[in-house]
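# Notes for the structure review
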Amino acid sequence: MPPLTPGSVRSAEEVNEQIRGLWLRAGGRLTSEQRAEYDRLVTEWAAAVRAEIVKAA
């Protein structure tokens, strides 16, 4: 997946679904490549949560 550009944050819900799918496909055990994807997704999820909080304020 390409790196995020400013202003291109997906919703936290969308990213969370992708995280859940990753865990399901991995059967609960992540390879090092999947772990890197997981780390990237969690960082993206956190940014989306922050963006949603700012919009709500």
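A brief report on the enclosed structure follows. (Residues numbered from 1 in each chain as written. Predicted model: local features only at pLDDT ≥ 70, side-chain atom pairs only at ≥ 80, totals over all residues. Heavy atoms only, no water.)

## Focus: the environment of E37
Definition in use: Counting from the N terminus, the helices are DSSP H or I runs at least four residues long and the strands are E runs at least two residues long. In this scheme, a residue with accessible area under 20% of its type's maximum is buried, one over 50% is exposed, and one in between is partly exposed, where area comes from a 1.4 Å probe on protein chains only. Residue contacts are counted whenever heavy atoms from the two residues lie within 4.5 Å of one another.
Structurally, E37 can be placed in helix 2 (residues 32–56). Using a relative accessible area of 25% as the deciding quantity, one classes E37 as partly exposed. Sequence-wise, E37 and L22 are 15 residues apart; in three dimensions their C-alpha atoms are separated by 8.6 Å. Ignoring any residue separated from it by four or fewer positions in sequence, one finds E37 in contact with Q18, L22 and R25.

## Description of the packing of aromatic side chains
Rule in force here: When two rings of Phe, Tyr or Trp (its six-membered ring) have centres within 6.5 Å they constitute a pair, described as stacked for plane angles under 30 degrees, edge-to-face for angles over 60, and tilted for the intermediate range.
Under the definition given, this model contains 1 aromatic pair. Ring geometry for W23 and Y38: centres 5.5 Å apart, planes at 75°, overall edge-to-face. Taken together, the residues W23 in helix 1 (residues 12–26) and Y38 in helix 2 connect sequence positions 15 residues apart.

Read these as spatial facts, not as claims about activity.
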